[in-house]
Amino acid sequence: MSSPTTTPRPAGWTASQPPAPGGGTSSPPDANGRHLLNTLLTHKQARGLARREEFTAATGADIDAVLEALTARAEELEPVDTAAAAHLREQIHPQVAAYAAALERAGYPPSLFFSRTFTIDTGQIVNQGRAENLFRGLAATNGEPITPREERGFGQASLSTVRGPIWRITPVPLTPTGRLPIAVAGKKNPATTAPSLLVEELDPCHLSPVMRATGCRLRRHVLRLPDGWIEHTGMKEGRTAFALPGFPAA
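Parameters at a glance
Residues numbered from 1 in each chain as written. Predicted model: local features only at pLDDT ≥ 70, side-chain atom pairs only at ≥ 80, totals over all residues. Heavy atoms only, no water. Core = buried A, V, L, I, M, F, W, Y, C linked by side-chain atoms within 4.5 Å. Buried < 20%, exposed > 50% of the residue type's maximum accessible area, 1.4 Å probe, protein only. Helix = DSSP H or I, 4+ residues; strand = E, 2+ residues; numbered from the N terminus. Contact = heavy atoms within 4.5 Å. Phe/Tyr/Trp six-rings, centres within 6.5 Å; stacked < 30°, edge-to-face > 60°. Pairing = 2+ DSSP bridges. Axes fitted to C-alpha atoms, helices over the stretch in contact; angles between N-to-C directions.

**As for the nonpolar core**
So, point 1. Counting 21 residues, the largest nonpolar core has Leu40, Ile63, Val66, Leu88, Val96, Phe113 and Phe114 as the members making the most contacts within it.
So, point 2. Sorting the residues of this core by element identifies helix H1 (35-46), helix H2 (60-77) and helix H3 (82-105) as the ones contributing at least two each.
So, point 3. The greatest single-element share of this core, amounting to eight residues, is contributed by H3.
So, point 4. Residue contacts for Leu88: discarding those within four places in its chain leaves His35, Leu70, Arg73, Ala74, Leu77, His93 and Pro94.

Given below as structure tokens:
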């Protein structure tokens, strides 16, 4: 994972041309805090591409330019908003750098880094698990979208109806007693006494393990793992090491 001040291109992503002048070296004001999205759009615009147009000719140099632009944006914010600058430098930049490295290691082309159908910067905001408590009653029904954007993508008459099968894969919370408070484990993952991996199918319209239209439970498998395969990491240590799901911590 590259640091916030250095942005080496992942090995194997060779550049066929240098970044265009002004291509991704700065980004527009991030009033909504979506630094990555705004930087991607700015870089595409500098390359003569529309917001929704695929960047099929993207190279490793374009990835570098985005990472450098994020670093530059953090420096711009430092005098006026130190908290925002720190968040961009210490949280967003390392995640984007790790994501770029993961794409390269998986053999994906740099164009997918800029693709609106592949790279999504916000994730799915739904009232599930611990979110029921975190949203403090703002959305009382489990599995309901929390933002207008998510509302557009959920339900029988929505974008989600064209999704294929969705599978959720996650380690199951491990404790000697097999019991944990909901505030710790949430409602999605029941605690277990043995190292285990949960693999379950989700309703593509509601991201629920139960098909809402029929009330039927979907396919679910719990796989026993060898001892030592699951490691507990506290939130503080996890943030320090950028231990993100699916990404290496170092």
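Once the structure has been displayed, the description carries forward.
**Let's talk about the packing of aromatic side chains**
So, point 1. Enumeration over the complete set of coordinates arrives at four aromatic pairs.
So, point 2. Ring plane angle 55° and centroid distance 5.3 Å describe the contact between Tyr108 and Phe118, whose orientation is recorded as tilted. Of the two residues, Tyr108 sits in the loop between H3 and strand E1 (126-127) while Phe118 sits in the loop between H3 and E1, which places them ten residues apart along the sequence.
So, point 3. The class of Phe118 is partly exposed, set by a relative accessible area of 34%.

**Structural notes on the sheet that holds strand E4 (residues 196-202)**
So, point 1. Spatially, three strands are ordered E3-E4-E7 in an open sheet, and the strand pairing comes out antiparallel. Among the strands making up the open sheet, the edge pair consists of strand E3 (166-171) and strand E7 (220-224). When strand polarity is set aside, the average angle formed by the axes of neighbouring strands in this sheet is 15°.
So, point 2. Direction of pairing for E3 relative to E4: antiparallel, over a ladder of six bridges. If you follow Pro171 over to E4, its bridge partner there is Leu197.

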